[in-house]
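For reference, the chains in residue letters:
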Amino acid sequence: GLADRLQNTIQKIRGKGKVTEADVKEMMREVRLALLEADVNFKVVKDFVKKVSERSIGQEVMKSLTPGQQVIKVVQEELTELMGGEQSKIAVAKRPPTVIMMVGLQGAGKTTTTGKLANLLRKKHNRNPMLVAADIYRPAAIKQLETLGKQLNMPVFSLGDKISPVEIAKQAIQKAKDDHHDYVLIDTAGRLHIDEALMDELKQVKEIANPDEIFLVVDAMTGQDAVNVAESFNDLLGLTGVVLTKLDGDTRGGAALSVKAVTNTPIKFVGLGEKMDAIEPFHPERMASRILGMGDVLTLIEKAQASVDEDKAKELEQKMRSMSFTFEDFLEQLTQVRNMGPLDEILNMLPGANKMKGLKNVQVDEKQISHVEAIIQSMTKQEKINPDIINASRKKRIAKGSGRSVQEVNRLLKQFEDMKKMMKQMTSMSKGKKKGFKFP
Ligand code: GDP
Ligand code: MG
């Protein structure tokens, strides 16, 4: 996702007090690529990046957020903004029935969504809808709607496939009036591609039915194509809303962004499955997160961070198990940890550390860490790998080289010994004697 793309850049500006223009530029390059990859219209991307850049540059960094997180927060807010607010309201005609016309390409999910919407109207709004089978072209289309009607226990109006959709619509609305249905949902035909004959017919149906809503059903999986389709339908029919289906698939949802931006028609609902209750109001914020590639923008960055740590922790665990953990590893560990933030988190990162009683209360401060680093750096490679060889004269040399006292060298050697002992303990414990004990 977008968040992954930003990780590298985020690493670089971690800990900075201010987001600079160069930082933002670099991040925006990633944002641009990611959005294009997510099938967002290039013009939309361009405007978007400009807006986010302006907002991000020179910002003071909030205490609770790293600069990277902050830029991502801006990105998410702007994405949400771009997709508009939540607009899942369905029109109500002054004089019933309210007529909803469903349009879209073949296979987009019109028939399914017609059933879902009717179900929603009855369940959530206590309405009494009627379905209309006006797709006379697709084999079994009428049957499909009738089956849904049976399943939902809802009336389906049909005149077979010999009567024109215009005539069907006309008679259906009369029937709905007679039977006191407050909503009429017209399921129309689609084609594989937009063609003139289809559009002409839909225009005629529109004229006769005078719909309060024209919902375009688009398949989220079709990406940029969905945007072109939306544009054409909007030009020819004038849409009042879009339903984005098949979001339960692994699409990024970039189409959602462009559909709204290009047609200025709100996305009202999303389809999340084939079942009749798999429909939800469109939540721009959730979609923004999805486009960013994560459930929750900020926590995911932390998670990504944690997964990096996890790899390192695993490697360390391996070494501990094999008893080959050396001062070199220790030093490397320290260096990594220093780049990562608060020092008391070091201990929590050490595998099993939170289960070791003695370590809980150890206070670590910055200075001490650099002293430890200096001492280890003054050791020879041999000494780092095999501390047992460090005798009195070597200790003196190390102390001198690091600018620390011999006592401090002794203390570190002792700590390292203790640590290895504890590791041994943990290793034997995890060899099955104590069931359930595991390195975290
Ligand atoms: P139409 O040609 O536009 O009427 O499309 P249909 O309603 O017949 O749907 C085409 C296929 O897409 C069917 O197999 C539906 O079950 C499926 N479908 C529709 N909406 C969704 C959705 O939100 N998620 C998933 N996974 N499948 C959907
Ligand atoms: Mg259909």
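All of these numbers come straight from a predicted model, not from anything done at the bench. (Residues numbered from 1 in each chain as written. Chains lettered and ligands numbered in written order. Predicted model: local features only at pLDDT ≥ 70, side-chain atom pairs only at ≥ 80, totals over all residues. Heavy atoms only, no water.)

### Description of the overall build of the protein
A tally of regular secondary structure across the protein gives 18 helices and eight strands. By the burial criterion, 48% of the 440 residues in the protein qualify as buried. Taking the contacts inside the protein whose residues are at least 6 apart along the sequence as the reference set, 75% of them involve residues at least 24 apart. For the protein, the exposed area adds up to about 22800 Å²; of that, 49% sits on carbon and sulfur atoms. (Helix = DSSP H or I, 4+ residues; strand = E, 2+ residues; numbered from the N terminus. Buried < 20%, exposed > 50% of the residue type's maximum accessible area, 1.4 Å probe, protein only. Contact = heavy atoms within 4.5 Å. Areas by Shrake-Rupley, 256 points an atom, 1.4 Å probe, with all protein chains shown as cover.)

### With respect to the packing of helix α7 (residues 165-178) against helix α8 (residues 196-209)
Running from N to C, α7 and α8 cross one another at 20°; their axes reach a closest spacing of 9 Å. With respect to α8, the element α7 is oriented roughly parallel. Crossing of α7 over α8 shows right-handed handedness. On the side of α7, the interface is formed by P165, V166, A169, K170 and I173, while α8 contributes E201, Q204, V205, I208 and A209. Residue classes in the contact of α7 with α8 are distributed as seven nonpolar, one polar and two charged. (Axes fitted to C-alpha atoms, helices over the stretch in contact; angles between N-to-C directions. Parallel < 35°, antiparallel > 145°, perpendicular 65-115°, else oblique. Left-handed = near helix turned anticlockwise from the far one by under 90°. Nonpolar A, V, L, I, M, F, W, Y, C, P; charged D, E, K, R; others polar.)

### A look at the site of ligand 1
In the vicinity of ligand 1 lie 18 residues, with G107, K110, T112, R138 and D248 positioned nearest. Side-chain polar atom of E274 to an oxygen atom of ligand 1: 2.7 Å apart, as the coordinates give it. When isolated, ligand 1 has an accessible area of 580 Å², and the protein chains bury 83% of it. With respect to the detected pockets, ligand 1 is housed in the second largest pocket. The dominant element in the shell around ligand 1, judged by the number of residues it contributes, is helix α5 (residues 110-125), at four residues. Across the shell around ligand 1, the residue classes tally to three nonpolar, nine polar and six charged. (Near = heavy atom within 4 Å. Polar contact = N/O pair within 3.5 Å; in protein donor to acceptor, adjacent residues only side chain to side chain. 1 Å grid on protein atoms, 1.4 Å probe; cavity = no way out; pocket = protein on both sides within 12 Å on 5 of 7 lines; lining within 4 Å. Sits in = over half its atoms within 2 Å of the grid points.)

### Quick look at the pairing of strand β5 (residues 213-219)
The buried fraction of β5 amounts to seven of the seven residues, a majority that puts the element mostly inside the structure. Residues of β5 alternate between two faces, with E213, F215, V217 and D219 on one and I214, L216 and V218 on the opposite face, all of them buried. Here four bridges tie strand β1 (residues 98-103) to β5, and the two strands are oriented parallel to one another. Residue pairing across strands places I100 opposite E213, the latter belonging to β5. Pairing analysis gives five bridges linking β5 to strand β6 (residues 241-245), with the strands arranged parallel. Opposite L216, over in β6, you have V242 as the bridge partner. Taking the sense of rotation as the criterion, the β-α-β connection linking β5, helix α9 (residues 224-237) and β6 turns out right-handed. (Pairing = 2+ DSSP bridges. Right-handed = clockwise from strand over helix to strand, strands pointing away.)

### What about helix α10 (residues 254-263)?
An α-helix turns once every 3.6 residues. As a result, residues three or four positions apart point the same way. Among the 10 residues that make up α10, eight are buried, leaving the element largely enclosed by the rest of the structure. By the burial criterion, the buried members of α10 are G254, A255, A256, L257, S258, V259, K260 and T263. Trailing α10 by a residue or two, N264 shows a phi angle of about 55°, which is positive.

### Quick word on the pattern of salt bridges
This structure, assessed with the given rule, holds 14 salt bridges. The partner of E328 in a salt bridge is K381, and the shortest N-O contact between them spans 3.3 Å. You can see E328 sitting in helix α13 (residues 327-338) and its partner K381 sitting in helix α16 (residues 381-385), a full 53 residues away along the chain. Relative accessible area serves as the criterion here: at 55%, K381 is assigned to the exposed category. One salt bridge connects E383 with R394, and the closest N-O pair in it is separated by 2.9 Å. Linking E383 in helix α16 with R394 in helix α17 (residues 392-402), this pair joins segments that are 11 residues apart in sequence. Each member of the salt-bridge network shares a partner with another, and the members are K51, R55, E77 and E78. (Salt bridge = Lys/Arg side-chain N within 4 Å of Asp/Glu carboxyl O.)

Without other data, these values stay purely geometric and don't point to any function.
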